[in-house]
Amino acid sequence: MNTTTLEHAVPADLVLPADLPTGVLIHGEFVGTATTFAVHDPASTALIAEVADGGTGEAARAVDAAAAAFPAWSQTPPRGRSEVLRRAYELMIAEREELAALICLENGKSLDDARGEVTYAAEFFRWFSEEAVRIDGDYGVAPAGGTRTLVTQKPVGVAALATPWNFPAAMATRKIAPALAAGCTVVLKPAAETPLTALVIGDILTRAGAPAGVVNIVATTDPAGVVSTWLTDERVTKLSFTGSTAVGRTLLRQTADRVLNTTMELGGNAPFIVTGDADVAAAVRGAMLAKFRNGGQACTAANRLYIHDAVADEFTARFGAAVEALRVGPGYAPDTQVGPLVSERAVAGVGRLVDEAVADGATIAHRAHVPEHGWYYPPTVLTGVRPDAALVSEEIFGPVAPIITWRDRDELIEQANSTELGLASYVFSRDVRDALQIAERLDTGMVGINRGIVSDPAAPFGGTKQSGLGREGASEGIKAFQETQYYSVDWA
């Protein structure tokens, strides 16, 4: 197996994988490639590892392996597929500390955040191990009589999966688990910023008993080439993508040529709404979670905070104090709450949005301290932000919270919905009925009511408008990897 040993200046008590795969995973083996690419620690910019750089050749061989494995895997009894996923869950939980440390190193998020992600990611294996044995069908009598209708579900085939860097474990398991539960085989392209976590998950699935070729992983610096190879291969019958709306549009144009079965989880621009009668302390706690989890690098992150005029001063003071007190540093430092951003480019992008807002009249009201070296952006609270500022209309993907005050309910709803994206939103109010009435008017796929997190493997994850197509998680997650077939049986 193509592996490496991590050598990195981290605390001695941090548990790291002794050896981890760095090759592409094809037909159950990690193999090297002609070239490699570097993976860096965002906190120090130091080199972590060199990873095999897969190309179109490796992409094609991955499909060969997945297509060859599909007939046997699709005919494996549901209980057999379930047990592989259950063992993968148990391995991930047993190795949580090693995986969390690895996520800290290549993604930058705090160790507590990383532990939470590993637990969340593993839950997809457990949830879909249970869903695998509950694939249902239907039986009916034709209204006109004379026939009986039998409905069944079949795996869609070889599924191409593409995942982002912000949740390198959870985004992989959220796609792999339902695909395998349904009886599909997969080819996965993880983000080049964070390939190591995905490769370890591939190793876990192999150790859990996934047959050779069922899971194939190609890390690459040529994502367009690899994914295009998959999308033009007639043996690939499904695409599941998580990433930006811009890339999603490009992929949809490509999938249109083959009318490919597609699931898209794209960008977000979540409004965080606090009403005049809200519990301000609870709203602040919710905002800290919704905004600063993973340093704001989440599609569900609170992107713009709409605070009722009656509580705006109190909320801003309390929230600002909490932001100033945030401990920012390397994710693997024991007291870190917010880590670095994933890259220097990400820091520049967030800085541009803040600079433009300030030039347009906004005020930096509160800010945390950050280390001098590394890809950090200080957690920041801005007031006096124009509702039409780029900071409000664009997805920030960083630890910046623009505050906008409101009084009129209808104007609030209009502003909250004035975006092409509709993934998540948040509402805080002591009156749950009032919060639900606001939620019903929000054009988003998910709404957190008096809580700052919406993700759950047992719930349908996805958005409206240009935030995507379809849902992941819950029972909808496995259906995304199935085709419905019915038999019309003569009963005369």
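Residues numbered from 1 in each chain as written. Predicted model: local features only at pLDDT ≥ 70, side-chain atom pairs only at ≥ 80, totals over all residues. Heavy atoms only, no water.

Student: Outline the overall build of the protein, listing residues and values.
Tutor: Across its full length, the protein holds 15 helices and 24 strands. The globule rule puts the C-alpha radius of gyration for 492 residues at 23 Å, and the 23 Å found for the protein is close to it. Counting only C-alpha atoms and orienting by the principal axes, one finds that the protein spans roughly 70 × 65 × 40 Å. Within the protein, the fraction of its 492 residues that count as buried is 57%. A separation of at least 24 residues holds for 72% of the contacts in the protein among residues at least 6 apart in sequence. Of the roughly 19,100 Å² of accessible surface on the protein, a fraction of 51% belongs to carbon and sulfur atoms. The averaged location of the 59 negative side-chain charges in the protein is 5 Å from the averaged location of its 40 positive side-chain charges. (Helix = DSSP H or I, 4+ residues; strand = E, 2+ residues; numbered from the N terminus. Rg over C-alpha atoms; globule rule 2.2 N^0.38 Å. Buried < 20%, exposed > 50% of the residue type's maximum accessible area, 1.4 Å probe, protein only. Contact = heavy atoms within 4.5 Å. Areas by Shrake-Rupley, 256 points an atom, 1.4 Å probe, with all protein chains shown as cover. Lys, Arg positive; Asp, Glu negative; His and termini not counted. Charge placed at Lys NZ, Arg CZ, Asp CG, Glu CD.)

Student: Outline the pairing of strand β13 (residues 261-265), supporting the account with residue identities and numerical values.
Tutor: For β13, the buried fraction is high: four of the five residues fall into the buried class. Pairing geometry for strand β12 (residues 236-242) and β13, over five bridges, is parallel. When the bridges of β13 are listed, K238 appears paired with N261. In this structure, β13 lies alongside strand β23 (residues 468-469), joined through two bridges in antiparallel fashion. Paired with E265 across the two strands is G468, which belongs to β23. (Pairing = 2+ DSSP bridges.)

Student: Explain the layout of surface pockets to me, using residue names and the numbers behind them.
Tutor: One water molecule sets the probe size; rolling that probe over the atoms shows where empty space is left. Of the pockets and cavities examined, the largest pocket occupies roughly 1,400 Å³. Of all the secondary-structure elements, those providing two or more residues to the lining of the largest pocket are α7 (223-231), β12, α8 (245-256) and α11 (344-359). The dominant element in the lining of the largest pocket, judged by the number of residues it contributes, is α8, at seven residues. Looking at the lining of the largest pocket residue by residue, the class counts come to 23 nonpolar, 15 polar and nine charged. One number sums up the size of the second largest pocket: a volume of about 370 Å³. (1 Å grid on protein atoms, 1.4 Å probe; cavity = no way out; pocket = protein on both sides within 12 Å on 5 of 7 lines; lining within 4 Å. Points joined across faces, edges and corners; volume = space filled by probe spheres on them. Nonpolar A, V, L, I, M, F, W, Y, C, P; charged D, E, K, R; others polar.)

Student: Can you break down the pattern of salt bridges residue by residue, with the values?
Tutor: Summed over the entire model, instances satisfying the criterion amount to 24 salt bridges. Here R115 makes a salt bridge to D112, at a shortest N to O gap of 3.2 Å. In this pair, R115 and D112 both sit in helix α4 (residues 111-131), three residues apart, roughly one turn of the helix. Among the residues examined, R115 registers a relative accessible area of 22% and is labelled partly exposed. Look at D112 and you get exposed, because its relative accessible area is 54%. A salt bridge links R258 to E234, with the shortest nitrogen-to-oxygen separation between them at 3.7 Å. Residue R258 is found in the loop between α8 and β13, and its partner E234 is found in the loop between α7 and β12; the two are separated by 24 residues along the sequence. (Salt bridge = Lys/Arg side-chain N within 4 Å of Asp/Glu carboxyl O.)

Student: Describe unusual backbone geometry, listing the residues and the values that go with them.
Tutor: Residues other than glycine seldom take positive phi values, yet N450 does so here, at roughly 55°. Here N450 is to be found in the loop between β21 (446-449) and β22 (464-465). In this model, K465 sits at a positive phi of 50°, which is unusual for a non-glycine residue. Among the structural elements, K465 can be located in strand β22. With a relative accessible area of 34%, K465 lands in the partly exposed category.

Student: Quick rundown of the sheet that holds strand β8 (residues 147-155)? Include the residues and the values.
Tutor: Backbone hydrogen bonds are what pair the strands of a sheet, in a parallel or an antiparallel way. Pairing is antiparallel across the open sheet formed by three strands, whose spatial order is β7-β8-β24. With one partner strand each, in any of the chains shown, β7 (138-141) and β24 (482-490) form the two edges of the open sheet. Strand-to-strand, the axes of this sheet are offset by a mean angle of 20°, without reference to chain direction. Where β7 lies against β8, four bridges are found, and the strand directions are antiparallel. The residue of β8 that forms the bridge with D138 is V151. (Axes fitted to C-alpha atoms, helices over the stretch in contact; angles between N-to-C directions.)

Student: For the packing of helix α13 (residues 409-416) against helix α14 (residues 432-441), give the residues involved together with the corresponding values.
Tutor: Helix packing geometry: the angle between the two helix axes and the distance between the axes. Their axes nearest at 10 Å, the elements α13 and α14 cross at an angle of 45°. When the axes of α13 and α14 are compared, the pair comes out oblique. For the pair α13 and α14, the crossing hand works out as right-handed. Every residue of α14 that contacts α13 at R409, D410 and I413 is listed here: D434, I438 and R441. Partitioning the contact of α13 with α14 into residue classes produces two nonpolar, no polar and four charged. (Parallel < 35°, antiparallel > 145°, perpendicular 65-115°, else oblique. Left-handed = near helix turned anticlockwise from the far one by under 90°.)

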